[in-house]
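This is what each chain is made of:
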Amino acid sequence: MVRNEDLVNELLRWKYIKSERVKNAFLSVDRGDFVPDDVRPQAYYDEPLPIGYNQTISAPSMVAIMLELLDLHDEDKVLEIGTGSGYNACLLAALSGRVITIERIPQLRKFAQDNMKKCKYREKITVLLGDGSVGYEPEAPYDKILVTCGAPEIPPALVEQLREGGRMIIPVGGTFFQELYIVDKVNGEITKRVWGDVAFVPMIGKYGHRWA
Ligand code: SAM
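Note that the structure is a prediction, hence the values are computed from the model and not measured.

This part covers the packing of helix α3 (residues 60-70) against helix α4 (residues 87-95). The N-to-C vectors of α3 and α4 enclose an angle of 30 degrees; their axes lie 11 Å apart at closest approach. It follows from the interaxial angle that α3 and α4 lie roughly parallel. Seen from above, α3 lies across α4 with right-handed handedness. Contacts between α3 and α4 involve Val63, Met66, Leu67 and Leu70 from the former and Asn88, Leu91, Leu92 and Leu95 from the latter. Counted by class, the contact of α3 with α4 contains 7 nonpolar, 1 polar and no charged residues.

So, about the nonpolar core. In this structure, Phe26 and Leu67 are the most contacted members of the largest nonpolar core, which totals 49 residues. Listed by contribution, the elements that provide at least two residues to this core are α1 (4-13), α2 (20-28), β1 (49-52), α3, α4, α5 (106-116), β5 (125-129) and β8 (178-186). In contact with phenylalanine 26, other than residues within four places in its own chain, are Asn4, Val8, Leu11, Ile17, Pro60, Val63, Ala64, Leu67, Tyr87 and Leu91. Core analysis: the next-biggest nonpolar cluster, separate from the first, contains 20 residues, Ile154, Leu162, Ile170 and Val172 among them.

Taken as a whole, this structure holds 14 salt bridges when the rule is applied. Aspartate 6 is paired through a salt bridge with arginine 3; the nearest N and O atoms lie 2.9 Å apart. With relative accessibility at 43%, the residue arginine 3 sits in the partly exposed group. In this structure, glutamate 139 and lysine 77 form a salt bridge, with 2.8 Å as the shortest nitrogen-oxygen distance. In this pair, glutamate 139 sits in the loop between β5 and β6 (142-147) while lysine 77 sits in strand β3 (residues 77-81), placing the two residues 62 residues apart along the sequence.

With that settled, consider the side chain of aspartate 184. Checked against the element boundaries, aspartate 184 lands in strand β8. With a relative accessible area of 13%, aspartate 184 lands in the buried category. Side-chain polar atoms of aspartate 184 contact the side chain of arginine 167, separated by 2.8 Å. A polar contact of 3.1 Å, which involves the side chain of aspartate 184, links it to the side chain of arginine 193. Residue contacts for aspartate 184: discarding those within four places in its chain leaves Gly166, Arg167, Glu189, Ile190, Thr191 and Arg193.

The local shell around the ligand holds 27 residues, among which Ser85, Glu103, Asp131, Gly132 and Ile204 are the closest. Take aspartate 131: an N or O atom from its side chain is 2.9 Å from a nitrogen atom of the ligand. At a separation of 2.6 Å, a nitrogen atom of the ligand approaches a polar backbone atom of isoleucine 204. Burial of the ligand by the surrounding chains reaches 99%, relative to a free accessible area of 610 Å². Sorting the residues of the shell around the ligand by element identifies β2 (55-57), β3, α4 and β4 (98-103) as the ones contributing at least two each.

To continue, consider unusual backbone geometry. Leave glycine aside and you will find that most residues have negative phi; peptide bonds, for their part, are mostly trans. For the bond from alanine 140 to proline 141, the omega torsion is 5 degrees, close enough to zero to count as cis. Locating proline 141 in the fold gives a position in the loop between β5 and β6. Unlike most non-glycine residues, tyrosine 53 shows phi in positive territory, near 60 degrees. Note on placement: tyrosine 53 falls in the loop between β1 and β2. We classify tyrosine 53 as partly exposed; its relative accessible area is 45%.

About the thresholds
- Residues numbered from 1 in each chain as written.
- Predicted model: local features only at pLDDT ≥ 70, side-chain atom pairs only at ≥ 80, totals over all residues.
- Heavy atoms only, no water.
- Axes fitted to C-alpha atoms, helices over the stretch in contact; angles between N-to-C directions.
- Helix = DSSP H or I, 4+ residues; strand = E, 2+ residues; numbered from the N terminus.
- Parallel < 35°, antiparallel > 145°, perpendicular 65-115°, else oblique.
- Left-handed = near helix turned anticlockwise from the far one by under 90°.
- Contact = heavy atoms within 4.5 Å.
- Nonpolar A, V, L, I, M, F, W, Y, C, P; charged D, E, K, R; others polar.
- Core = buried A, V, L, I, M, F, W, Y, C linked by side-chain atoms within 4.5 Å.
- Buried < 20%, exposed > 50% of the residue type's maximum accessible area, 1.4 Å probe, protein only.
- Salt bridge = Lys/Arg side-chain N within 4 Å of Asp/Glu carboxyl O.
- Polar contact = N/O pair within 3.5 Å; in protein donor to acceptor, adjacent residues only side chain to side chain.
- Near = heavy atom within 4 Å.
- Areas by Shrake-Rupley, 256 points an atom, 1.4 Å probe, with all protein chains shown as cover.

Take a look at the structure:
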């Protein structure tokens with residue numbers, strides 16, 4: 001597979017992409033712009049790839065699943081925890097009004113910001129450096145929260161910063177394997193549903209795993 005379009009066709013074929021909106025977002029953000037040079041030949045395959053510092057850009061099928069579950073709207077304000085390459089943040093920006101994304105590794109924040117220069121939605125995105133497990137209070141509440149690293153529990157700060165009626169997608173579990181939760185906030189209470197088993201790099205931070 002040599003083009004972004006090939007990847008999108010594969011994600012459609014296996015029904016990871018279900019909606020026209022998510023399809024158009026994937027067509028408008030080229031994954032090849034978000035991976036390091038040494039793995040660029042694999043950019044359009046459905047697999048996670050290393051981006052340095054022991055971190056990864058997630059498999060496109062996983063990204064598609066999470067974006068479909070988030071049910072994004074044009075006016076949504078979104079918080080992402082784990083900027084990584086910036087790929088997911090650009091897809092979120094294609095589907096929403098505003099994206100705040102937080103990364104804890106300074107070199108990856110810079111990598112993402114450089115990659116985003118090629119993204120036509122970059123004006124909608126703010127890339128912050130810090131511990132995303134505590135969220136980002138100044139811009140709260142958020143309509144949607146996407147966590148792209150595995151947390152040991154649902155961080156209470158993220159629950160607080162989720163708008164009434166909002167949704168959070170978050171992997172919860174150990175440092176290698178987790179369950180992907182769909183968390184909805186209704187009448188101030190949260191409901192949790194499990195989508196299935198997943199494998200993300202760990203969230204490190206106050207409400208994350210404690211080791212670095
Ligand atoms: N969404 C990313 C993308 O599109 O490339 C992939 C994210 S990668 C699977 C997970 C990221 O979460 C890593 O870059 C890691 O450094 C970051 N991370 C881990 N704990 C974090 C925390 N407490 N706050 C912010 N970022 C964190």
